[in-house]
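Structural description and commentary
Residue strings, one per chain:
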2 protein chains.
Amino acid sequence: MSEFRVMEIKQSIFEDNDKDAEKLRQELKSEKTFLLNLMSSPGAGKTTTLTRTIEALKDEMKIGVMEADIDSDVDAHTISQTGVKVIQLHTGGMCHLDADMTRQGIKGLGTKEIDLAILENVGNLVCPAEFDTGASKNAMILSVPEGDDKPLKYPLMFSICDVLLINKIDAMDYFDFDLEICKERAKKLNPDIKIIPISARNGEGIEEWAEWLRAEVKEWKEE
Amino acid sequence: MSEFRVMEIKQSIFEDNDKDAEKLRQELKSEKTFLLNLMSSPGAGKTTTLTRTIEALKDEMKIGVMEADIDSDVDAHTISQTGVKVIQLHTGGMCHLDADMTRQGIKGLGTKEIDLAILENVGNLVCPAEFDTGASKNAMILSVPEGDDKPLKYPLMFSICDVLLINKIDAMDYFDFDLEICKERAKKLNPDIKIIPISARNGEGIEEWAEWLRAEVKEWKEE
């Protein structure tokens, strides 16, 4: 079984995205829906990580997923197999989502009774970092094969994220990746960033990540 | 020894990038300089592939390299060790290069007597595909850990490239990557695309790639 909707989202007409993002964040707050904005390079493992995250949390909270892509519905298809509500957003060539585009997705998904909404942003380390989507928290995945120099090259992305998942650590022996140096580089840009090494393939680190997310969702609903 | 210049490039003022790109292409043609635009996701192995390419060709032709990044000069530093002329272009946050930005880089590099100029574009599978840089040919690298579904998700990039290098094939056994399916997906978008599996790490496939580039540079200069 695989049921989901594909939705073409339109480019935003709002001039002040920051203001609009703050508005969306407050709307979601009042609906007690926590929105996670998940970003990474193409192929860093967003969808596999998401599948693991859903498995870890779906018995405790209602989860809804928005899969943003320029084209295709491969990811929505994959996520739909987990049994949670999912919608595929086609960005019409756009390389990122802003707050209004996210709002269109949220409406398509329907937030009523959703505790945790997850936006899987377009695979891109540049543009998504520049646009506040209205998310409660921003997360990024960096995968080991990409290299430990990425914080140096894409500093804004590392600066605006609350949590950094370092994925594919099961392949660590195969690539020249210095975990400590990578952490140091990320912390230099963003001293408060939470860093969790994971393997979406074998499940390592997923419980720590689920625990972080669980606490954040709880705090968001109670505040 | 490591000498190179860092140059801040400015956003283009030209409205018609396609026209400007065609103009730059003709200018380079008259100077007998072949310009290769090399694109990929962050961490797919552009710089390592470039180092191998330079090693294979530097005794036969004069090579100059433009390293485009939002920040840092890590890549220019690496390339400078090969002995070829290199310039680091800082895009000021821009996620791609257009023809005018490329022209600024070319001027900074100085094309006089350069046979092969290589632009290592910003690591991004989305935006660089939308802007003609004025290059003689477009090349992209997809790395095995990114997955064989990338042509489905980033179709424009695969459509506009003349050659696709599938890198990190030495890690093929470690990841679920179906080379034949990936080739099929790319060919469906772009029947004329030349596909060369390589390992920039161990050198596999580099000679075939160098041979392709050698023939293209020769044709460009003779036409």
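For the structure itself, consult the block above.
Now for a description of the structure that goes with this document.

Reading the values: rules and limits
Residues numbered from 1 in each chain as written. Chains lettered and ligands numbered in written order. Predicted model: local features only at pLDDT ≥ 70, side-chain atom pairs only at ≥ 80, totals over all residues. Heavy atoms only, no water. Contact = heavy atoms within 4.5 Å. Buried area = accessible area lost by both parts, 1.4 Å probe. Salt bridge = Lys/Arg side-chain N within 4 Å of Asp/Glu carboxyl O. Polar contact = N/O pair within 3.5 Å; in protein donor to acceptor, adjacent residues only side chain to side chain. Axes fitted to C-alpha atoms, helices over the stretch in contact; angles between N-to-C directions. Helix = DSSP H or I, 4+ residues; strand = E, 2+ residues; numbered from the N terminus. Parallel < 35°, antiparallel > 145°, perpendicular 65-115°, else oblique. Left-handed = near helix turned anticlockwise from the far one by under 90°. Nonpolar A, V, L, I, M, F, W, Y, C, P; charged D, E, K, R; others polar. Phe/Tyr/Trp six-rings, centres within 6.5 Å; stacked < 30°, edge-to-face > 60°. Buried < 20%, exposed > 50% of the residue type's maximum accessible area, 1.4 Å probe, protein only. Pairing = 2+ DSSP bridges.

Next up on the list: the interface of chain B and chain A. Taken together, the contacts link 34 residues of chain B with 33 residues of chain A. Roughly 2,600 Å² is buried in total at the junction of chain B and chain A, and carbon and sulfur atoms are behind 57% of that figure. Area buried by chain B at its contact with chain A is led by P42(B), K153(B) and Y174(B), which between them contribute 24% of it. Taken together, the links from chain B to chain A amount to 2 salt bridges. The partner of K153(A) in a salt bridge is D75(B), with the nearest N and O atoms 2.8 Å apart. Where chain B packs against chain A, one counts 10 residue pairs in polar contact (both at pLDDT 80 or more).

As a further point, take the packing of helix α2 (residues 46-57) of chain B against helix α8 (residues 206-222) of chain B. All names here are of chain B. Between α2 and α8, the least distance of the axes is 10 Å, while the angle of their chain directions is 65°. One element, α2, and the other, α8, form an angle in the roughly perpendicular class. As α2 runs across α8, the sense of the crossing is right-handed. Between α2, through T49, R52, T53, A56 and L57, and α8, the contact on the second element is made entirely by I206, W209, A210, L213 and R214. When grouped by side-chain class, the residues that make up the contact of α2 with α8 number 6 nonpolar, 2 polar and 2 charged.

Before going further, it helps to examine the packing of aromatic side chains. Inspection of the entire model under this criterion finds 7 aromatic pairs over all chains. Here the aromatic rings of Y174(A) and F175(A) are separated by 5.5 Å at their centres, their planes lie at 75°, and the arrangement is edge-to-face. What makes F175(A) buried here is its relative accessible area of 12%. Chaining the aromatic ring pairs together yields one cluster made of Y174(A), F175(A), Y174(B) and F175(B).

With that out of the way, let us pick up the sheet that holds strand β3 (residues 63-69) of chain A. Residue and element names in this part refer to chain A. A sheet is described by the order of its strands in space; here 8 strands give the open sequence β1-β4-β3-β5-β2-β6-β7-β8, paired in parallel fashion. Only two strands of the sheet have a single neighbouring strand rather than two, namely β1 (5-8) and β8 (194-197). The mean inter-strand angle of the sheet, taken between neighbouring strand axes irrespective of direction, is 20°. Two strands pair when backbone bridges link them, and strand β7 (residues 163-167) and β8 are joined in this way by 4 bridges, in the parallel orientation. Within β8, the position partnered with L165 by the bridge is I196.

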